[in-house]
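Structural overview for review
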Amino acid sequence: MLHLLRLHYGKIVFIIYIAVLIYGYLTPKITLKRIYYTDTAAMLTSGVIINSGKKDLLYEPAEQFKAYGSLVQENVTSHPISLPFRNPPFVAYFFVILAPLGLLTAYKIFFVLNIILLHITVYLLSKNSHLSQNLKLTLFSSFLLPTTMYAILLGQLSIIILFLLTLAYITLINQKDFQSGIITSLLLIKPQYFIIWPFLYIMCTNKKSFILGTLFTICALGALSLTIVPVNTLLNYPRIILEANIKDSTNPNIISYTYFGLIDQLIKPTPITAPIALLTNFMFYTVSLWLFKSIKGAVPLNIKMSLAIILTIIFSIHSLMYDLTLLFLPATLLILKETKTRRNKSIYFYCCFLILVMVITYFKQIPASLTTSVVVGGLLITTTNLLTKKY
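What counts as what
- All chains use their own residue numbering, which begins from 1 and follows the written sequence.
- Local features in a predicted model are, by the rule used here, given only for residues with pLDDT of at least 70; side-chain atom pairs are given and counted only at 80 or more, and totals for whole chains, interfaces and linings are based on all residues.
- By convention in this description, side-chain values take in all heavy atoms of the structure and omit both hydrogens and water.
- Helix and strand definitions here come from DSSP, where helices need a minimum of 4 consecutive H or I residues and strands a minimum of 2 consecutive E residues; each element is numbered from the N-terminal end.
- Each residue is placed in one exposure class: buried if its accessible area under a 1.4 Å probe, protein chains only, is under 20% of its type's maximum, exposed if it is over 50%, and partly exposed if it falls in between.
- The contact criterion used is simple: two residues touch if any of their non-hydrogen atoms lie within 4.5 Å.
- Angular values range over 0 to 180 degrees, each being the angle between N-to-C directions of two axes fitted as lines to C-alpha atoms, with helices fitted over their stretch in contact.
- We call Asp, Glu, Lys and Arg charged. Ala, Val, Leu, Ile, Met, Phe, Trp, Tyr, Cys and Pro are nonpolar, and the rest, Gly among them, are polar.
- Residues qualify for a patch when their relative accessible area is over 30% and they have no salt bridge, like charges being joined within 9 Å and the nonpolar side chains of Val, Leu, Ile, Met, Phe, Trp and Tyr within 5 Å.
- Under the convention used here, a 1.4 Å probe and the Shrake-Rupley method define accessible areas, while residue burial counts only the protein chains that appear.
- Salt bridge, as used here: a side-chain nitrogen of Lys or Arg that lies within 4 Å of a carboxyl oxygen of Asp or Glu.
- Put simply, buried Ala, Val, Leu, Ile, Met, Phe, Trp, Tyr and Cys residues joined by side-chain atoms within 4.5 Å make one nonpolar core.
- Pairing of aromatic side chains requires ring centres within 6.5 Å, counting the rings of Phe and Tyr and the six-membered ring of Trp. Pairs whose planes differ by under 30 degrees are stacked, by over 60 edge-to-face, and all others tilted.

1. Considering the overall build of the protein
- Scanning the protein for helices and strands turns up 18 helices and 0 strands.
- Evaluated residue by residue, the protein yields a buried proportion of 52% over its 391 residues.
- Long-range pairs, those at least 24 residues apart, make up 76% of the contacts in the protein with a sequence separation of at least 6.

Put into structure tokens, the structure is as follows:
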């Protein structure tokens, strides 16, 4: 029996994936009330506001509540569960197209788009690796992880971020640094993940091309944003998003699996200690960059990419359960490293830990302080080991 499992585990995973895809994702009926509090609803408010000619009020809570009310077909002035639109202005253009279709249709389109992008991500990882057929089939396990399910069902951007990080890795291994700079800049759709830029800059071969690709894209996105909001709003956006992320990270109802979130769970920062936690977060992030740049020996690019993603999550200030979907890429890249070099049990251990992280966060019965400590502490131990290991 065990022998058969070892021979056909990939096929078993694939069969389970087909069942979950049909009965978990595609069969259940999607109703308007089920999607009231999804992130799609929050982001769709941006399209409603712009289409109503009030683009200057894009980040005004009162106007967002009004737009949200029109989407859920209720007259609301505030709601404790509805989510605000906090993405950069250029993201709103996509939802300008979807807004006239209504929340239900827009959600279904975004839902299908996320499933398609995850399939493409699995295909790209399979195509650009030297994995066995069994291991390639296990990549479909990404659809079975609670973090992935949450990301898709809530209409989150995490799948798009995972797709962009996969593209960034592929362009880096093919030394297409201009394209890599462009793709990395697109991570600004969720600005907290743009802190991966210095790591990828260290990893790239032609740093000038990487910078040019970055500048080109940022200028294009900035120009696009200025067609929606005035200059003052765009200049104030970093402050808006930083304050919002700090507020979320100190919200007792929100569990953030980051260094900042860990401090919140263990110490419960007050408005006075929050800036101190933010400062230490920046200091440790800077130290991690220095250590990353100082790695000795010929470290494989997939190990470096794994480190970059894990460290980005740790120091991003705001990374919730569905954002841990991004850990699927380093877990896959660690397996890839193992197939190309001699067996190393610790690599397998850390790979299994990353998968475990994407599972245990689903169980709300576990105290938040314990879950956060296990996740963030484990990620820190993983990065420390990978940074100090000889290759």
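From this point, the discussion proceeds with the structure in view.
2. A short note on the packing of helix α5 (residues 103–127) against helix α7 (residues 146–153)
- Where α5 contacts α7, the axes come no closer than 9 Å and their chain directions differ by 145°. Across the interface between the two elements, Y107, F111, N114, I115 and L118 of α5 pack against T148, A151, I152 and L153 of α7.
- Grouping the constituent residues of the contact of α5 with α7 by class yields 7 nonpolar, 2 polar and no charged.

3. Things to note about a nonpolar patch on the surface
- Taken together, the side chains of V112, I116 and I120 make up a nonpolar region of the molecular surface, amounting to roughly 220 Å² of accessible area.
- One can find I120 in helix α5.
- By relative accessible area, I120 is classed as partly exposed at 33%.

4. Comments concerning the nonpolar core
- Among the nonpolar cores identified, the biggest contains 112 residues, and L165, L200, M305 and L327 are the most heavily contacted of them.
- Aside from chain neighbours lying at most four places away, what touches L327 is I310, I313, L354, V357, M358 and L379.

5. Thoughts on the packing of aromatic side chains
- Overall, the coordinates contain 14 aromatic pairs when judged by the stated rule.
- Each ring, one from Y59 and one from F85, has its centre 5.9 Å from the other, and the planes form 20°; the classification is stacked. Here F85 lies in the loop between α3 (61–71) and α4 (92–98) and Y59 lies in the loop between α2 (39–51) and α3, a separation of 26 residues in the sequence. In terms of burial, Y59 and F85 fall into one category: buried.
- Each ring, one from F94 and one from F110, has its centre 6.1 Å from the other, and the planes form 50°; the classification is tilted. Highlighted residues: F94 in helix α4 and F110 in helix α5, separated in sequence by 16 residues.
- A residue is classified by how much of its surface remains accessible, and F110, at 1% relative accessible area, is buried.
- Within the aromatic cluster, the residues linked to one another by ring pairs are F199, Y285, F292 and F315.

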